[in-house]
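# Structural overview for review
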Amino acid sequence: MSCFRSAPLTTLAVAAWLSLAASPSLAEDAPVIGLITKTETNPFFVKMKEGAAEAAKAKGAKLLTGAGKADGDNAGQVTAMENMLAAGAKTILIVPSDSKAIVPSIKKARDKGVLVIALDSPTDPTDAVDALFATNNYRAGELIGQYAKAALAGKPPVVVTLDLFPGHPVGAQRHNGFMKGLGLAAPEAKSNELGKGPEIACMADSYGDQAKGQTAMENCLQKAPGVNLVYTINEPAAAGAYNALKKAGKEKGVIIVSVDGGCQGVKDVGAGKIAATSQQYPLTMASMGVEAGVDFAKTGKKPSGYTDTGVVLIAASPQAGVKSMAVDKGLELCWGKK
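Residues numbered from 1 in each chain as written. Predicted model: local features only at pLDDT ≥ 70, side-chain atom pairs only at ≥ 80, totals over all residues. Heavy atoms only, no water.

Now for the state of the cysteines. A complete count under the given rule lists 2 disulfides for this structure. In this model, Cys202 is linked to Cys220 through a disulfide, with the two sulfur atoms separated by 2.1 Å. Disulfide Cys202-Cys220: torsion about the S-S bond near -65°, hence left-handed. Remark: Cys220 occurs in helix 8 (residues 210-223) and Cys202 occurs in strand 7 (residues 200-205); sequence separation between them is 18 residues. Of the two residues examined, Cys202 and Cys220, each falls in the buried class. The disulfide partner of Cys263 is Cys334, and the S-S distance across this bridge is 2.1 Å. Its torsion about the S-S bond being 85°, the disulfide of Cys263 and Cys334 is classed as right-handed. Note that Cys263 is positioned in helix 10 (residues 263-270) and Cys334 in the segment after helix 12 (327-333), a separation of 71 residues in sequence. For the pair Cys263 and Cys334, a shared accessibility class is recorded, and that class is buried. Cysteine pairing in the protein follows 1-2, 3-4, where each cysteine in a disulfide is numbered by its order in the sequence. (Disulfide = S-S within 2.5 Å. Helix = DSSP H or I, 4+ residues; strand = E, 2+ residues; numbered from the N terminus. Buried < 20%, exposed > 50% of the residue type's maximum accessible area, 1.4 Å probe, protein only.)

That's the geometry; what it means functionally is another story.
Here you go:
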């Protein structure tokens, strides 16, 4: 990946780096923490950056940020990590796009004494980083699967899944957890392979993107015109699925379930576009990561293992036997707001 070494940091990262360069005393005293997300545009990661920036300001740390151009862009994340190390980062928080390909770069950073924490998405192997702060994504999938099973009220499921992309742990865990919650034979939480079954009439990759989700749903409607249940990796993909269904005049007869619990996603639950979503808390993940980085700078103490940052089912129409939170409460908590 050496051909990417000269690529620039993002605008925020450049600003942070210049701030350090212009203030030698701050460069000496303030912990330098890097945050690398999958993309700059996904609302989930936008909020994660906001949470990290707020925590860094409160803790007196300097934050550098970077991201891939799109979900799956490992080269962009490698470039961001190399630039952050050159700028003096002693802690790097990363949401891995490619859980395996990023590992050699993480090892280089850790060999230099840098603390590396994965947020939201685990690496493969999971112990490639010092710690993981994330949602239990398998449980998130189970919750929406359980809801969907209850909402179908005994009807045989005809399922479309709009997934992330092959081999990614988060995509596999949510998908497989959904299958388990729905009562289907499903791989275990440790598997990075997407489960399949006769109930799943169409599987497509959405990359967590609304436009790609809409195209994928349009294609799946050709293969599975009798679909009555759609699982999506996240709420932008769910919005795309809903648009495709509405275009086909089928939005009323199909249950859509998803994961994230972002503010717009919860509004879509309230509007009836999404039946239920599993809410996770990126602001919490980011602030915990920054706090750990500051603590490491002050004491040398490193966090370890997995910390579950929580997940709650949000639904407008509760189902018997399935615990859920109301839309208004979900809006109060979306993205991790206090």
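Additional details are given in the paragraphs that follow.
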